[in-house]
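Read off the chains here:
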Amino acid sequence: MVAIHSTARGPSLGGCRMWSYEDEGEAVRDVLRLARAMTFKAAAADLPLGGGKGVIALRPGTALTSARRRAALLDFADTVDQLDGRYITAEDVGTSSRDMTVIRSVTPHVGGLSRARGGSGDPSPYTALGVLAAIEVTCERQLGTASLQGRRVAIVGLGHVGSRVARLCARAGARLIAADIDPAKRDVARALGARWMTPAQALEAEVDVLSPCALGGVLDSEVVPRLRCRTIAGAANNQLAHDGVADLLDARGILWAPDFVANAGGIVNIAVELEGRYDPRRARARVRGIAGTLRQIYDDAESMGTTPLTAALELARRRLTKPA
Ligand code: NAD
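Residues numbered from 1 in each chain as written. Predicted model: local features only at pLDDT ≥ 70, side-chain atom pairs only at ≥ 80, totals over all residues. Heavy atoms only, no water.

Student: Sorry if this is basic, but what is going on with helix α13 (residues 308-321) here?
Tutor: Spanning 14 residues, α13 covers 20 Å between terminal C-alpha atoms, matching the ideal 20 Å at 1.5 Å per step. Every buried residue of α13 is listed here: P308, L309, A311, A312, L313, L315, A316 and R319. In this fold, the buried residues of α13 make contact with α1 (24-44), α8 (245-251), β10 (255-256), α9 (259-262) and α12 (290-304). (Helix = DSSP H or I, 4+ residues; strand = E, 2+ residues; numbered from the N terminus. Expected span 1.5 Å × (residues − 1). Buried < 20%, exposed > 50% of the residue type's maximum accessible area, 1.4 Å probe, protein only. Contact = heavy atoms within 4.5 Å.)

Printed below as a string of structure tokens:
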């Protein structure tokens, strides 16, 4: 299935998620929710793109043979093609750039192709670069300087993005804490000179920066009172269990970089690919633009007396009413 939430600023873009759902209703709710989130992410990043999402829903416990997986991707590609460019797909949870090559054999409306095929390749390094920019601006605003030299940073989730954020922070002189549910990631932490903790300990560690880089929903009304960080900026999508958590963070004096702004590096990178003649230097320069967007959001939040979440949503809404 494909959901298109908005094409007000341009064709809708959103990854194709291949995931197990209990029933069709659950898959529909997911694709609609994710498509809406993409609208706000693209608009906040000032991209000429709208919000959409694809889902290939699997039955729980089904393992696809490679022939059936390919068939499912080709069916999905037919659906994308019928939309005639109003929806552009890309990789997401459960799909890879190799899958995008399969889809590309049917339709041109695909982003995130491998570098070997002239695409922008793995988005994670760009997402990590954007998260670093978000961490620095958030420190600048909250702690007076953007420098990470000597700052204590806790990274929860050492996956594709988190391990790269950790490396960038280490290079910038930060003192790291790292956590993951996968004990194999302990080696990654050791190589970076990070102190290893359980995810629960890292979430509540006394640090300058908490960087959630695993799954969503980590910040809720039970966790927030126990936090001992001064700022939060990370890659995970949907970090807040619900929007009201932004007020709880604000009341505790913790500055939170809205996730859909901080983690937009991957989509910015794909936007550069869609412009044609992909150039990684141009992509990096654009991703660093996340710093300027976030500064504006913090300024707006201060002048409107509101939270960064409300200011970020307002900025996206303003951009949605004017063409890119
Ligand atoms: P990934 O699967 O490579 O890494 C996730 C890591 O988190 C894994 O190492 C996993 O073991 C760990 N993890 C899972 N549950 C955990 C928990 N409860 N506590 C601690 N660690 C846990 O994923 P990724 O590509 O690095 O993405 C990380 C997050 O960033 C996701 O929320 C993703 O949606 C978001 N994101 C990623 C990109 C991208 O470019 N990959 C772009 C935007 C947003």
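Alright, that's what it looks like, and here's the rest.
Student: Sorry if this is basic, but what is going on with the site of the ligand here?
Tutor: Around the ligand, a shell composed of 21 residues is seen, among which T127, H160, D180, K185 and A214 lie nearest. Between the ligand and the protein, one listed contact pairs an oxygen atom with a backbone N or O atom of V161 at 2.8 Å. Separating an oxygen atom of the ligand from a backbone N or O atom of A214 is a distance of 2.7 Å. Expressed as a share of its isolated accessible area of 840 Å², the protein-covered part of the ligand is 73%. Mapped onto the shell around the ligand, the elements with two or more residues apiece are α4 (124-143) and α5 (160-171). Residue classes in the shell around the ligand are distributed as eleven nonpolar, seven polar and three charged. (Near = heavy atom within 4 Å. Polar contact = N/O pair within 3.5 Å; in protein donor to acceptor, adjacent residues only side chain to side chain. Areas by Shrake-Rupley, 256 points an atom, 1.4 Å probe, with all protein chains shown as cover. Nonpolar A, V, L, I, M, F, W, Y, C, P; charged D, E, K, R; others polar.)

Student: Quick question: what am I supposed to make of the pattern of salt bridges here?
Tutor: It is possible for side chains of opposite charge to pair when their charged atoms get near one another. Counted by the stated rule, this structure contains 19 salt bridges. Ionic pairing is found between D299 and R141, a salt bridge with its closest N-O pair at 2.8 Å. In this pair, D299 sits in helix α12 while R141 sits in helix α4, placing the two residues 158 residues apart along the sequence. Judged by its relative accessible area of 40%, D299 falls in the partly exposed class. Close ionic contact of E275 with R286 constitutes a salt bridge, the shortest N to O distance being 2.9 Å. Placement of E275 in the loop between α10 (265-274) and α11 (280-288) and of R286 in helix α11 is noted, with a sequence separation of eleven residues between them. Look at the salt bridges and you will find they share partners, linking R9, D46 and R319 into a network. (Salt bridge = Lys/Arg side-chain N within 4 Å of Asp/Glu carboxyl O.)

Student: Any chance you could explain the domain arrangement of the protein chain here in plain terms?
Tutor: As a measure of interface size, the accessible area lost when the parts come together is often cited. One can read the domain layout of the protein chain as domain 1 (2-36 + 50-117) and domain 2 (124-263 + 294-316). Placing the centre of domain 1 and that of domain 2 at their C-alpha centroids yields a distance of 29 Å. (Domains from an automatic or database assignment.)

Student: What am I meant to see in the sheet that holds strand β2 (residues 12-20) here?
Tutor: What holds strands together in a sheet is hydrogen bonding between their backbones, with the strands either parallel or antiparallel. On the basis of which strands lie adjacent, the open sheet formed by four strands has the order β1-β3-β2-β4 and mixed pairing. Sheet topology places β1 (2-6) and β4 (87-91) at the edges, where each strand pairs with a single neighbour. The sheet shows a mean angle of 30° between the axes of neighbouring strands, direction not considered. The strands touched by α1 within the sheet are β1, β2 and β3 (50-58), with β3 carrying the most contacts at an inclination of about 155°. Lying over the sheet, helix α2 (residues 66-82) contacts β1, β2, β3 and β4, oriented at roughly 150° with respect to β3. (Pairing = 2+ DSSP bridges. Axes fitted to C-alpha atoms, helices over the stretch in contact; angles between N-to-C directions.)

Student: Even after reading the chapter, I still don't get the sheet that holds strand β6 (residues 175-179), so can you show me in this structure?
Tutor: Spatial strand order, β7-β6-β5-β8-β9-β10: six strands in an open sheet with parallel pairing. Two strands close off the open sheet at either side, each with one partner strand: β7 (195-197) and β10. Sheet topology note: the β6/β7 ladder contains three bridges and is parallel. From the neighbouring strand, A178 faces β7, where its bridge partner is W196.

Student: Mind showing me how you'd approach the nonpolar core here?
Tutor: Here is a general trend for soluble globular proteins: nonpolar side chains tend to be buried in one another's company. With 68 residues, the main nonpolar core has L227 and L249 as its most contacted residues. Counting residues per element, this core draws most heavily on α4, at nine residues. With residues up to four places along the chain from it excluded, the contact list for L227 reads L203, L210, L219, I232, L249, R252 and I254. I88, A90, L129 and I290 belong to the second-largest nonpolar core, a separate cluster that totals 19 residues. (Core = buried A, V, L, I, M, F, W, Y, C linked by side-chain atoms within 4.5 Å.)

Student: What's the story with α10 in this structure? I'm lost.
Tutor: At 3.6 residues per turn, the α-helix brings residues three or four places apart onto the same side. In terms of burial, α10 is a largely internal element, nine of the ten residues being buried. Three or more residues of α10 are buried, namely G265, G266, I267, V268, N269, I270, A271, V272 and E273. For α10, the secondary structure elements touched by its buried residues are β2, α1, β4, α4, α11 and α12. Once α10 ends, the next one or two residues include G276, with phi positive near 100°.

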